[in-house]
Amino acid sequence: MTLPLQADPEVIAEGVNLVWVFVATFLVFFMHAGFGMLESGQVRSKNVANQLTKNVLTWGIGVVAYFVVGAGVSVAIAALTTGSGLSGVFAHLDAGSTGWANLLFGAAFSMVAASIVSGAVAERAQLGGYLVFTVFVGALIYPVATGLTWGGGFLSQLGFADFAGGAIVHMVGGICGLVAAYVVGPRIGRFDDDGSSNVIPGHSLPYAVLGTLILAFGWYGFNVGTAVSVFQVNEAGELALADYAYAGRVAINTALVMGAGSIGAALVGYVRGGKVDPLMTANGLLAGLVSVCSIAAVASWRGTLVVGLIAGIQVVLVFDLLERVGIDDVCAVFPVHGSAGLLSALAYPFVNTTSAFSVTQLGIQVVGVVVLAAWAAGATLAVYGVLKLLGRARVDREEELEGLDASEHGIETYPEFGGSVVDESGPRG
Amino acid sequence: MTLPLQADPEVIAEGVNLVWVFVATFLVFFMHAGFGMLESGQVRSKNVANQLTKNVLTWGIGVVAYFVVGAGVSVAIAALTTGSGLSGVFAHLDAGSTGWANLLFGAAFSMVAASIVSGAVAERAQLGGYLVFTVFVGALIYPVATGLTWGGGFLSQLGFADFAGGAIVHMVGGICGLVAAYVVGPRIGRFDDDGSSNVIPGHSLPYAVLGTLILAFGWYGFNVGTAVSVFQVNEAGELALADYAYAGRVAINTALVMGAGSIGAALVGYVRGGKVDPLMTANGLLAGLVSVCSIAAVASWRGTLVVGLIAGIQVVLVFDLLERVGIDDVCAVFPVHGSAGLLSALAYPFVNTTSAFSVTQLGIQVVGVVVLAAWAAGATLAVYGVLKLLGRARVDREEELEGLDASEHGIETYPEFGGSVVDESGPRG
Amino acid sequence: MTLPLQADPEVIAEGVNLVWVFVATFLVFFMHAGFGMLESGQVRSKNVANQLTKNVLTWGIGVVAYFVVGAGVSVAIAALTTGSGLSGVFAHLDAGSTGWANLLFGAAFSMVAASIVSGAVAERAQLGGYLVFTVFVGALIYPVATGLTWGGGFLSQLGFADFAGGAIVHMVGGICGLVAAYVVGPRIGRFDDDGSSNVIPGHSLPYAVLGTLILAFGWYGFNVGTAVSVFQVNEAGELALADYAYAGRVAINTALVMGAGSIGAALVGYVRGGKVDPLMTANGLLAGLVSVCSIAAVASWRGTLVVGLIAGIQVVLVFDLLERVGIDDVCAVFPVHGSAGLLSALAYPFVNTTSAFSVTQLGIQVVGVVVLAAWAAGATLAVYGVLKLLGRARVDREEELEGLDASEHGIETYPEFGGSVVDESGPRG
């Protein structure tokens, strides 16, 4: 008899899974263009080139730091917190083709966490100091967070659940940004002596919205791509769907939560003053996306809509709170990533359709976010604190007033549009 | 003897088809960024934030409306027009992972139709009224169109052919936009009392062109993605190519038609006045893409080039016609989507390489576009007519002159670039 | 006994390979949006619409030229230089679905080469003449380069290695741009009579950086997509990984080289004047991507970092050199694509991990780049030389001073932002 043609399930799974990992990785990479536009739109024209340079070099320096050091740190932390050995910590450097492909997906995630920070310290952080901090995020701060969790460390063993990194990526990034913004201090003119705050509008809302929509596009790779394996080979040796058994749920939740988040933020503005705030609506969409990260694989679409709506509402309220306590988080990265990421991780036991609500799970989630938040805050305080002592955290008063494009780069971003005229008039400089 | 390893064709097909559906869906989603830039570039700087807010909330509100209500309406319309029962109308709400993945592809299509409208009524439509209309598009107008056709309703049974929605998505969206623009009325200053028209240039051609190229990128998902199944399992139980048997034809036609459309529109300007119009050239590229939607799977590349060239030429001519009849279609959505979509559906029997020209098929196509156009026009007239009666269609004269960013959102989009200076001088406000 | 279900390895390979080809092709197409923004950001506001029109029509006209003529020329050149027959030269026109899908990947590559040129001759090249040249690039210049190499022509038989086209696409495009810029001559005001050069800053750095990041995103399709086959069927009739056996290496090298290139270019500015140049940092990232094209499939990540660093450094130095010899390469296309592509092809034998360093291979690489460079330079000199003789290479002095948007298109790109004010003051026009 003639035997059937051979199609080894292992081979099918490896090839198709790789196609998917590549697609997801490319999309997550593209989020950098989103961050670049989102952040540069929210700064004044005199600081645009500086912000964009930070974005380009965040990837440039950060991805090398993550690849050469950070990925190994993640393995080491997982090993250290679970008592296993440290052998193979730097095995990823010679992982080979398929190993590197999977590693790159993680590297792209690490740079999302790093990118978040640049929005918080915009318009006054020194380029050099910021880049040193980025090396720490890529090589240490983020890898410790993944080592404790996705890498198999003690939070993972405890049962901490954070599917696509609502806490691990976004809350960590948002807290790093918040603490860095606190250490660096507010921009000149942001707060008056009596504690009242002044709005310093960004120079281009279209950039911010374009950045938001690029981020949303890339987020499909971030969330649905975290359902990383299309196929697996089951114990009977048969090809079976792997994470793709639930990837459609992740996708529909990701799509719908943008609606809930944007509506939530729009409603706050409308209820307060009868007007919908365009930037906050965009931020609400992003906060919705953050808030679904931990729960996307297990929440119903109804649960997702509720969490997303809360995420959108809290963006505005938390941003106001930061203003009241005098922290100048230029691009609202803490409301969008930090508190929305916290919400996501804590919402997990409430919206998990795969098991009943469990106080134990809630406790685990609390432990997880506390550990991760403490690590992110402490590490940032240490690194940016030292940078501040060394005079590397912030540009001089004159440089800030002149603008970082001129003082740090010697250029003018819009030589034809007379942005400098604005600098001479009033509170904006 | 050893049996071969097991790779069930059904499993292979489900997993790989899902990868492809995800890729296509993400691309179609990204078209929203394209619409956002295309439209915001074509409005004056005083209305940019409003336009972008409409874009963000079109997805935000519209996708929820489509998912919760619209997808069920589509099923119901298909059932009602073919005499089958209404059971399972809302089954999609609990469709499960793979079902939701496929549903999201449709949801992204629905929001393309909805987004088209915002370009037609730009610079004077109220945000609130527009959003109410968007809910109707997502929940009713577009779902009825798909229920009659792709959903299996009576036009489908009649044999109406519209592969990727030249008529179902684009013509319907374009007609909704046209009628909405008619009901809302032209912008102040667009037409003089003697009926002559004034050009009101948009504030940023680069945004419009960037939007065009983002749309073109996403359109590959829209068109080639409509060849939705990579694999199927044939009657012998074997794995076989499904829509992928012709997907390459769709891809090459999609790529080439951009050329034909852009060349067609560029030629009209060149022949008329010796100058190539940049915006019309971009619109011609888009009209080419619309014109290939109905025919991409069956047309030869030669037929595609001819149809695309006509589509590009008609963009300019139809836009002029609208000016002459006093309709202010700000972003030329009717020439680009409406009439080009009509062209696409009617061209089908002429360029179909899979069967000889058939007068019957042409008649069916005419019936299809008439039914769809009548539905889109009538529904829009009803909804926007009621909005007008309620005073929700259009902002006040003062608000329009001041700009919708200030009047509806209380912000200035470009605080540093003195857009307001322009508003004080002459015909632009 | 029951036979296993049938999953023919050939069918699996064809379907999955097509998914991947589509993804890669769409990404490479999207690079046009990147070129559009990169180039339009580097020109003055009076020439923006012209630059964008060139970008749109490069794809529009060029892809048709490549498809109808160029792809056949490539086959013919391969046949002629290897002594095989000319039958089947235009077989691609009726290639059928899968054939067209693969052809479109090549067509998208051809338009990368064509797009590079428009950045070199910006702000003074006539639209008509440029488009004629684009037809030559798509129909002749680029196809000859691929016919000699990837198509199987004599350089291929010699053993010339150029994985993703560091020389074939980028060096060829960069040299076409360089020679065209030389023939067209520098912009008015770019060089003084004493040979000293003036900086003419572009009007929008954010566009340039956004374009860079879009290009980087698309480059994953360009590089990793060149590992074009996920699966193949081996001689035993079994499904096996094809190019995907090394695709992960390509991906990680592509990601890391952006870091090396951007750091290299940033360092040059920092070392020279204590300041990081934003635009050169972005150009360094791109030059890094060019420099990895020839070597991505065989270099170690360490070798990649070294080559990328050199690529980033040389961007600044080569750009300075061009200034010194009086060539006005507006968008630095020769440093970014030309010399970095040359570097890539010549670096191949030094960083190839699959075989020891070979002087013979180095010699072959030298022959390859000399032949390709001579062809690109000679063909460009001929075509643009004739255009110059016919008065079609460059706009008049008055038109250039007024700006190409007004003189060639009769429009103003930013009607509200008073770009024309700048033109009246000083050296910029």
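What you see is a predicted model; the values in this text were computed from it and never measured.

Student: Which parts of the structure should I look at to understand the overall build of chain A?
Tutor: Helix and strand counts for chain A stand at 15 helices and 2 strands. Relative to a compact globule of 429 residues, whose C-alpha radius of gyration would be 22 Å, chain A shows 22 Å and is just as compact. When its C-alpha atoms are laid out on the principal axes, chain A stretches across 90 × 45 × 40 Å. Here chain A holds 429 residues, and 68% of them are scored as buried. Just so you have it, chain A exposes about 12600 Å², and 63% of that area is on carbon and sulfur atoms.

Student: Explanation requested: helix 7 (residues 205–223) of chain B in the structure shown.
Tutor: Think of an α-helix as 3.6 residues a turn; residues three or four steps apart then line up on the same face. All names here are of chain B. Between its terminal C-alpha atoms helix 7 stretches 26 Å, which fits the 27 Å expected from 19 residues at 1.5 Å a residue. The sharpest bend along helix 7 comes to roughly 25 degrees, located at Phe217. Two or three places before Tyr207, at the start of helix 7, stands the capping residue Ser204, its side-chain oxygen 3.3 Å from that residue's backbone nitrogen.

Student: Would you mind going over the side chain of Glu408(C) with me for this structure?
Tutor: Mapped onto the elements of the fold, Glu408(C) is located in helix 14 (residues 404–409). For the buried Glu408(C), which has no salt bridge, the nearest side chain bearing the opposite charge is Lys54(C), at an N-O separation of 5.5 Å. Within the structure, Glu408(C) has its side chain in polar contact with the side chain of Asn50(C) (distance 3.1 Å). With near-sequence residues (within four places) excluded, Glu408(C) lies in contact with Lys275(B), Val276(B), Asn50(C), Ala125(C), Gln126(C), Leu127(C) and Val395(C).

Student: What's the story with the relation of the copies chain C and chain B in this structure? I'm lost.
Tutor: Note on the chain copies: they are related by a rotation about an axis and a translation along it. The operation relating chain C to chain B is a screw motion whose rotation component is 120 degrees, with 0.0 Å of axial translation and a residual RMSD of 0.0 Å. Here the two chains are linked by the operation of a three-fold rotation axis.

Student: How should I be thinking about the interface of chain C and chain A in this particular structure?
Tutor: Interfaces are often sized by the accessible area lost when the parts come together. Between chain C and chain A, the residue contacts involve 66 residues of the former and 56 residues of the latter. Together chain C and chain A conceal approximately 5000 Å² of surface at their shared face, both sides included; 80% is due to carbon and sulfur atoms. Taken together, the connections running from chain C to chain A amount to 0 salt bridges. If you look at where chain C meets chain A, you find 8 residue pairs in polar contact (both at pLDDT 80 or more). Among the elements of the structure, helix 1 (9–41), helix 7 (205–223), strand 2 (239–241), helix 8 (247–273), helix 9 (278–291), helix 10 (301–324) and helix 15 (419–423) of chain C are those that each provide at least two residues to the side of chain C that touches chain A. Here the side of chain C that touches chain A takes 12 residues from helix 8 of chain C, the largest share from any one element. Residues belonging to the side of chain C that touches chain A are distributed by class as follows: 48 nonpolar, 11 polar and 7 charged.

Student: How should I be thinking about the nonpolar core in this particular structure?
Tutor: Soluble globular proteins tend to pack their nonpolar side chains together in the buried interior. Tyr384(A), Tyr384(B) and Tyr384(C) are the most contacted members of the largest nonpolar core, which totals 489 residues. Residues within four places of Tyr384(A) in sequence aside, it is in contact with Val121(A), Ala125(A), Gly129(A), Tyr130(A), Phe133(A), Ala180(A), Val183(A), Val184(A) and Ala393(A).

Student: It is not clear to me how the side chain of Ser262(C) should be interpreted in this structure. Could you clarify?
Tutor: Among the secondary structure elements, Ser262(C) is positioned in helix 8. Of the polar contacts made by the side chain of Ser262(C), one reaches the backbone oxygen of Gly259(C); its length is 3.1 Å. Not counting the four nearest positions on each side in its chain, Ser262(C) is found in contact with Val56(A), Leu57(A), Gly60(A), Thr281(C), Gly284(C) and Leu285(C).

Student: What is the right way to read the packing of helix 11 (residues 333–351) of chain C against helix 12 (residues 359–389) of chain C from this model?
Tutor: A packed helix pair is summarised by two numbers, namely the angle formed by the two axes and the spacing between the axes. Residues and elements named next belong to chain C. Where helix 11 meets helix 12, the closest approach of the two axes is 8 Å, and the angle between their N-to-C directions is 165 degrees. As summarised for this structure, helix 11 and helix 12 are arranged roughly antiparallel, according to the angle between their axes. The two elements helix 11 and helix 12 meet at a crossing, and its hand is right-handed. Seen from helix 11, the contacting residues are Leu342, Ala345, Leu346, Tyr348, Pro349 and Phe350; seen from helix 12, they are Gln361, Leu362, Gln365, Val366 and Val369.

Student: Would you explain the packing of helix 9 (residues 278–292) of chain B against helix 10 (residues 301–324) of chain B in this entry?
Tutor: Residues and elements named next belong to chain B. The contact between helix 9 and helix 10 brings their axes to 8 Å, and the two run at 130 degrees. Judged by the angle between their axes, helix 9 and helix 10 are oblique. Relative to helix 10, the crossing made by helix 9 is right-handed. Here Met280, Asn283, Gly284, Ala287, Gly288, Ser291 and Val292 of helix 9 lie close against helix 10, whose contacting residues are Thr304, Val307, Gly308, Ala311, Gly312, Gln314, Val315, Val316 and Phe319.

Student: I'm lost on helix 2 (residues 48–80) of chain C in this one. Help?
Tutor: Taken as a whole, helix 2 of chain C carries its principal kink of about 50 degrees at Tyr66(C). With 29 of 33 residues buried, helix 2 of chain C lies mostly within the body of the structure.

Student: Hey, could you run me through the packing of aromatic side chains in this one?
Tutor: Ring pairs (aromatic) are described by centroid distance and by the angle formed between their planes. In the structure shown here, the tally under the stated rule is 75 aromatic pairs over all chains. Taking 6.4 Å as the distance between ring centres and 90 degrees as the angle between the ring planes, the aromatic pair formed by Phe217(A) and Phe217(C) counts as edge-to-face. With Phe217(A) in helix 7 (residues 205–223) and Phe217(C) in helix 7, the pair connects residues from two separate chains. Each member of the pair Phe217(A) and Phe217(C) is classed as buried. Aromatic side chains Phe22(C) and Phe26(C) sit 5.9 Å apart centroid to centroid with 20 degrees between the ring planes, which places their arrangement in the stacked category. One end of the pair is Phe22(C) and the other is Phe26(C), both in helix 1 and 4 residues apart, which spans about a single turn. The class for Phe26(C) is buried, based on a relative accessible area of 1%.

Student: Explanation requested: a nonpolar patch on the surface in the structure shown.
Tutor: Residue and element names in this part refer to chain A. Taken together, Leu267, Tyr270, Val271, Leu309, Ile313 and Leu317 make up a surface patch of nonpolar side chains, about 540 Å² in accessible area. Broken down by secondary-structure element, the contributors of at least two residues to the nonpolar patch are helix 8 (247–273) and helix 10 (301–324). Relative to the elements of secondary structure, Leu267 occurs in helix 8.

Student: I would appreciate a short explanation of the interface of chain C and chain B in the present structure.
Tutor: Residue-level contacts link 56 residues of chain C with 66 residues of chain B. Here chain C and chain B share 0 salt bridges between them. Counting every contact that joins chain C to chain B gives 8 residue pairs in polar contact (both at pLDDT 80 or more). Every element with two or more residues in the side of chain C that touches chain B is listed here: helix 1, helix 2, helix 3 (97–120), helix 7 and helix 14 of chain C. Top element by residues in the side of chain C that touches chain B is helix 1 of chain C. It accounts for 16 residues.

Student: Sorry if this is basic, but what is going on with the pattern of salt bridges here?
Tutor: Close approach of charged atoms allows side chains with opposite charge to pair. This structure, assessed with the given rule, holds 21 salt bridges over all chains. Here Arg187(C) and Glu123(C) are joined by a salt bridge, their closest N and O atoms 2.3 Å apart. Remark: Glu123(C) occurs in the loop between helix 3 and helix 4 (127–148) and Arg187(C) occurs in the loop between helix 6 (166–184) and helix 7; sequence separation between them is 64 residues. The burial state of Arg187(C) is the same as that of Glu123(C); both residues are buried. Several salt bridges share partner residues, and in doing so they unite Arg44(A), Glu123(A), Arg187(A), Arg190(A), Glu323(A) and Asp328(A) into one network.

The rules behind the values
- All residue numbers refer to position in the chain's written sequence, counted from 1.
- Whichever chain is written first is A, and whichever ligand is written first is 1; the rest continue in order.
- Thresholds applied to this predicted model are a pLDDT of at least 70 for local features of residues and 80 or more for the giving and counting of side-chain atom pairs; totals over whole chains, interfaces and linings are not thresholded and use all residues.
- The side-chain quantities take in all heavy atoms of the structure and omit both hydrogens and water.
- Working definition: helices are DSSP H or I runs of at least four residues, strands are E runs of at least two. Numbering for both runs from the N terminus.
- Radius of gyration: over C-alpha atoms. The globule rule applied is 2.2 Å multiplied by the number of residues raised to the 0.38 power.
- Accessible area is worked out with a 1.4 Å probe on protein chains only. A residue is then buried under 20% of its type maximum, exposed over 50%, and partly exposed in between.
- Only the protein chains shown count as covering a residue, and every accessible area follows the Shrake-Rupley method with a 1.4 Å probe.
- By this rule the span expected of a helix is its residue count minus one, scaled by 1.5 Å.
- To get the bend at any residue, fit one axis to the seven residues that end at it and another to the seven that begin at it, then take the angle between the two axes.
- Under the rule applied, a polar contact is a pair of N or O atoms within 3.5 Å (in protein, one hydrogen donor and one hydrogen acceptor; residues adjacent in sequence only if both atoms are side-chain atoms).
- A residue counts as positive if it is Lys or Arg and as negative if it is Asp or Glu; His and the chain ends are not included.
- Salt bridges are counted wherever a side-chain nitrogen of Lys or Arg sits within 4 Å of a carboxyl oxygen of Asp or Glu.
- Note on definitions: a residue-residue contact is assigned when non-hydrogen atoms from the two residues lie within 4.5 Å.
- When the copies are overlaid, the least-squares fit takes in C-alpha atoms only where the residue has pLDDT of at least 70 in both copies.
- Summed over both partners, the accessible area (1.4 Å probe) lost when two parts come together is defined as the buried area.
- The residue classification treats Ala, Val, Leu, Ile, Met, Phe, Trp, Tyr, Cys and Pro as nonpolar and Asp, Glu, Lys and Arg as charged. All others, Gly included, are polar.
- Buried residues of nine kinds, namely Ala, Val, Leu, Ile, Met, Phe, Trp, Tyr and Cys, make up a nonpolar core once their side-chain atoms join them within 4.5 Å.
- Where helices are involved, their axes are fitted lines through C-alpha atoms of the stretch in contact, as for all axes, and angles between N-to-C directions lie from 0 to 180°.
- Just so you know how the angles are binned, under 35 degrees is roughly parallel, over 145 roughly antiparallel, 65 to 115 roughly perpendicular, and the rest oblique.
- What makes a crossing left-handed is the near helix being turned counterclockwise from the far one by less than a right angle; a clockwise turn instead makes it right-handed.
- A pair of aromatic rings is counted whenever rings of Phe, Tyr or Trp (Trp by its six-membered ring) have centres within 6.5 Å, and the orientation is called stacked for planes under 30 degrees apart, edge-to-face for over 60 and tilted otherwise.
- Nonpolar side chains (Val, Leu, Ile, Met, Phe, Trp, Tyr) are joined into patches within 5 Å and like charges within 9 Å, using only residues with over 30% relative accessible area and no salt bridge.

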